[in-house]
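# Commentary on secondary and tertiary structure
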Amino acid sequence: MDEMRVVIKGEIFWLWRLIDSQGEEIEILLQKRRNAKSAIRFLKKALKMVGCVPRLMVTDKLGSYKKAHKIVCSSAEYRSHKRPCMYCPTV
């Protein structure tokens, strides 16, 4: 999971992305918020579309991801990194 700030007509939005281990985008969502509730909603929607729970979830250090992991897919291993690692696809 990853998010990035996007400015559209002077308004700030957050582009949320879920990417698999091969670098393919699974889901994209544009929202005004960047909090735990938004992360949970996004992760639930994406996993419902995929139909399975991942074995490993790698995110950056945003605290919202940790809460989303605990609520939505607690059976998956969770890792957070400041920079890209060998488990993170480069896009």
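Along every chain, residues carry numbers that run from 1 in the direction the sequence is written. Side-chain atom pairs in this predicted model are given and counted only at pLDDT of 80 or more, local residue features only at pLDDT of at least 70, and totals for whole chains, interfaces and linings cover all residues. The basis for the side-chain values is all heavy atoms of the structure; hydrogens and waters are excluded.

## Here we look at the overall build of the chain
Each helix and strand in the chain was counted, giving 2 helices and 5 strands. Helices (α) and strands (β) of the chain occur, in sequence order from the N terminus, as β-β-β-α-β-α-β. Three labels apply to residues, based on accessible area from a 1.4 Å probe with only protein chains included: buried if under 20% of the type maximum, exposed if over 50%, partly exposed otherwise in between. For the chain, the proportion of its 91 residues judged to be buried stands at 33%. Sequence-distant contacts, at least 24 apart, represent 34% of the contacts inside the chain between residues at least 6 apart. Under the DSSP-based scheme used, a helix requires at least four consecutive residues in state H or I and a strand at least two consecutive residues in state E, with every element numbered from the N terminus. By the convention used here, residues are in contact when the closest approach between their heavy atoms is within 4.5 Å.

## What to know about the packing of aromatic side chains
When the centres of two rings from Phe, Tyr and Trp lie within 6.5 Å, Trp using its six-membered ring, the rings pair. Their planes under 30 degrees apart give stacked, over 60 give edge-to-face, and anything left gives tilted. Applying the stated criterion to the full structure yields 1 aromatic pair. Where Trp16 meets Phe42, the ring centres are 6.1 Å apart and the plane angle is 40°; that geometry is what we call tilted. Taken as a pair, Trp16 in strand β2 (residues 11-19) and Phe42 in helix α1 (residues 36-50) lie far apart in primary sequence, 26 residues in all. Taking the relative accessible area as the measure of exposure, Trp16 reaches 0% and is therefore buried. Given the relative accessible area of 1%, Phe42 is considered buried. Charge-over-ring placement is defined geometrically: NZ (Lys) or CZ (Arg) within 6 Å of the ring centre, and within 35 degrees of the ring normal. Residue placement shows Arg34 over the ring face of Trp14; its charged tip is 4.6 Å from the ring centre.

## As for the packing of α1 against helix α2 (residues 63-72)
Working convention: axes come from line fits to C-alpha atoms, limited for helices to the stretch in contact. Angles between N-to-C directions cover 0 to 180 degrees. Between α1 and α2, whose axes approach to 8 Å, the crossing angle comes to 50°. What the angle tells us is that α1 and α2 run oblique. Like other packed secondary-structure pairs, α1 and α2 cross with a definite hand, here right-handed. Contact residues: α1 offers Ala36, Ala39, Ile40, Leu43, Lys44 and Leu47, while α2 offers Ser64, Tyr65, Lys67, Ala68, His69, Ile71 and Val72. Side-chain classes are defined by residue name, with Ala, Val, Leu, Ile, Met, Phe, Trp, Tyr, Cys and Pro counting as nonpolar, Asp, Glu, Lys and Arg as charged, and the others, Gly among them, as polar. For the contact of α1 with α2, the per-class residue count stands at 9 nonpolar, 2 polar and 2 charged. Each angle receives one of four descriptions, namely roughly parallel if under 35 degrees, roughly antiparallel if over 145, roughly perpendicular if within 65 to 115, and oblique otherwise. Should the near helix be turned anticlockwise from the far one by less than a right angle, the crossing is left-handed, and should it be turned clockwise, the crossing is right-handed.

## Things to note about α2
Regarding α2, the residues found buried are Ser64, Tyr65, Ala68 and His69. Angularly, the buried residues of α2 cover 135° about the axis, an arc narrow enough to put them on a single face. Here the buried face of α2 lies against β1 (2-8), β2, α1, β4 (56-59) and β5 (77-80). It is the directions from the helix axis to the C-beta atoms that the arc portrays.

## A closer look at the sheet that holds strand β3 (residues 25-31)
Should DSSP find at least two bridges between two strands, the strands are taken to pair. Taken in spatial order, the 3 strands line up as β1-β2-β3 in an open sheet, and their pairing is antiparallel. In the strand order of this sheet, the two ends are held by β1 and β3, each with one partner. Strand-to-strand twist of the sheet, defined as the mean angle between neighbouring strand axes without regard to direction, takes the value 25°. Inspection of the sheet shows β2 paired to β3 by 6 bridges, in the antiparallel sense. Among the inter-strand pairings, Trp14 is bridged to a residue of β3, identified as Gln31. Across the sheet, α1 lies against β2 and β3, angled at about 145° from β3, the strand it touches most.

Read these as spatial facts, not as claims about activity.
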